[in-house]
Amino acid sequence: DPDSGDNGRLQYSLVRGPTNEFDINENTGQIFTVSVAGKAGTFYLEVQAADQGTRRLTAQTTVSVTVDPSSSSNIVMLVLDQKISVVERKSVEIQRVLEEKLGWNVYVLNMYSKESDGNARSSTDETQVNIIAFDKAHQEVPAEDVKRSLREQRGAIELGLEEVFSAPVSAAVAEIPEAPASPELTAAIVLGVLLAGTFIAFLAYVLLDLKRKRYSGKYGKQDLVKKVDVTEGIDNPWADDKNGSLKSLEKPEHMNN
């Protein structure tokens, strides 16, 4: 829009499409993902641009966004000591400075603060910016190469960002925390642990039961033998002696002595 002042200032919005998964920067028109976890394919968004004139004029177009199911391991986090609300407005300029100093095509994937959005946009002077770089052959630049170049060019990058923000800016490379396990994976792990615990408990019960039975059988037989021995050792008045006659009930002579 060639107009000047408020009449030439454009505001962008999503008017149709999966707006729960995507959002748009109303000042720059940059589209970013909100939540596409577990989803892949092409999404179609209807984008509207509107000027701020007295008779507001609008135009619309369809944007197709393709979500790749594979996640890149070459994403690098850059931490700026500026409020997220300010960084969002300067995202295009930040990208331009990074491309000039690094010599690659740089894309700002997303930016966020450690605090919740409601508090962070007004209180936190630190914004984490995730970027990815591509070389002239349109291949992803390895994350370690990007980090090394960011550290080597840190002074020049901070000078460029100082012009963008009209204030001194610190740009530090940080490590991206590992993504938490998905609920499905967590449930599978917990179920596996429970099953393993149940199996171990069952196995221990079986072993103890077998040991108890063996113990009982062993000592039960010994008691039976002892009882039989004791029974056989008692003088049975009705038992025959070796000669076939009844044994005398009288005590042997050596017992009387």
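Above this text is the structure in question.
Here the structure is a predicted model, which means the values were calculated and not measured.

Would you mind going over the overall build of the chain in detail, with residue names and values included?
A count of helices and strands for the chain gives 7 helices and 9 strands. Evaluated residue by residue, the chain yields a buried proportion of 23% over its 257 residues. For the chain, long-range pairs separated by at least 24 residues make up 56% of all intrachain contacts whose partners lie at least 6 apart in sequence. Of the roughly 18300 Å² of accessible surface on the chain, 53% is carried by carbon and sulfur atoms.

Explain a nonpolar patch on the surface to me, using residue names and the numbers behind them.
On the surface, Leu 203, Leu 207 and Leu 210 cluster together into a nonpolar patch covering about 260 Å² of accessible area. On the secondary structure map, Leu 210 appears in helix α6 (residues 183-233).

Please give an account of the sheet that holds strand β7 (residues 105-112) that cites residues and values.
Here we have 4 strands laid out as an open sheet, ordered β7-β8-β6-β9, and antiparallel in their pairing. Bordering the open sheet on either side are β7 and β9 (171-174), each of which pairs with just one other strand. Mean inter-strand twist for the sheet, computed between neighbouring axes without regard to direction, equals 35°. One ladder, built from 5 bridges, connects strand β6 (residues 76-80) with strand β8 (residues 127-134); its direction is antiparallel. Bridge pairing in β8 links Met 77 to Asn 130. The strands touched by helix α2 (residues 91-102) within the sheet are β6, β7 and β8, with β7 carrying the most contacts at an inclination of about 140°.

Could you give me a rundown of the nonpolar core, with the residues and numbers involved?
Leu 80, Leu 98, Ile 131, Leu 150 and Leu 161 are the most contacted members of the largest nonpolar core, which totals 24 residues. Where this core is concerned, the elements lending two or more residues are β6, α2, β7, β8, α4 (143-152) and α5 (154-165). Filtering out sequence-adjacent residues up to four positions away, Leu 150 remains in contact with Val 76, Leu 78, Leu 98, Leu 102, Ile 131, Ile 157 and Val 173.

Any details on the sheet that holds strand β1 (residues 11-16)? Residues and values, ideally.
The 3 strands lie next to each other as β1-β4-β5, forming an open sheet whose pairing is antiparallel. Whereas interior strands pair on both sides, the edge strands pair on one side only; in this sheet they are β1 and β5 (58-67). Taking the axes of each pair of neighbouring strands and ignoring which way they run, one obtains an average angle of 35° across the sheet. In terms of strand pairing, β1 meets strand β4 (residues 41-50) through 5 bridges, oriented antiparallel. Among the inter-strand pairings, Ser 13 is bridged to a residue of β4, identified as Gln 48.

Account for the pattern of salt bridges, naming residues and giving values.
What the rule picks out here adds up to 6 salt bridges. In this structure, Arg 96 engages Glu 100 in a salt bridge whose closest nitrogen and oxygen atoms are separated by 3.6 Å. With Arg 96 and Glu 100 both in helix α2 and 4 residues apart, the pair spans about one turn of that helix. With a relative accessible area of 39%, Arg 96 lands in the partly exposed category. With a closest N to O distance of 2.9 Å, Lys 147 and Glu 175 form a salt bridge. One end of the pair, Lys 147, is in helix α4; the other, Glu 175, is in the loop between β9 and α6, with 28 residues separating them in the sequence. Counted as one network, the salt bridges with shared partners bring together Glu 144, Lys 147 and Glu 175.

Break down α5 for me, with residues and values.
An ideal rise of 1.5 Å per residue puts 16 Å on 12 residues; α5 measures up with 16 Å between its terminal C-alpha atoms. Residues of α5 that are buried: Ile 157, Glu 158, Gly 160, Leu 161, Val 164 and Phe 165. Buried residues of α5, seen end-on, are gathered within an arc of 160° and therefore sit on one face of the element. Of the exposed residues in α5, the ones pointing more than 90 degrees away from its buried face are Leu 159 and Glu 163. On its buried side, α5 packs onto β6, α1 (84-89), α2, α4 and β9. Phi turns positive one or two residues past the end of α5, at Ser 166, with a value near 55°.

If you had to explain the environment of Ile 31 to someone new, which residues and values would you point to?
Looking at the element boundaries, Ile 31 is found in strand β3 (residues 31-33). Along the chain, Ile 31 and Val 63 lie 32 residues apart, while their C-alpha atoms are 9.4 Å from each other. When neighbours within four sequence positions are excluded, Ile 31 is seen to be in contact with Phe 22, Asp 23, Ile 24, Leu 45, Val 47 and Val 63.

About the criteria used
Residues numbered from 1 in each chain as written. Predicted model: local features only at pLDDT ≥ 70, side-chain atom pairs only at ≥ 80, totals over all residues. Heavy atoms only, no water. Helix = DSSP H or I, 4+ residues; strand = E, 2+ residues; numbered from the N terminus. Buried < 20%, exposed > 50% of the residue type's maximum accessible area, 1.4 Å probe, protein only. Contact = heavy atoms within 4.5 Å. Areas by Shrake-Rupley, 256 points an atom, 1.4 Å probe, with all protein chains shown as cover. Patch = residues over 30% accessible without salt bridge, like charges linked within 9 Å, V, L, I, M, F, W, Y side chains within 5 Å. Salt bridge = Lys/Arg side-chain N within 4 Å of Asp/Glu carboxyl O. Pairing = 2+ DSSP bridges. Axes fitted to C-alpha atoms, helices over the stretch in contact; angles between N-to-C directions. Core = buried A, V, L, I, M, F, W, Y, C linked by side-chain atoms within 4.5 Å. Expected span 1.5 Å × (residues − 1). Arc of directions from axis to C-beta.

Any functional reading would require information beyond the geometric quantities listed.
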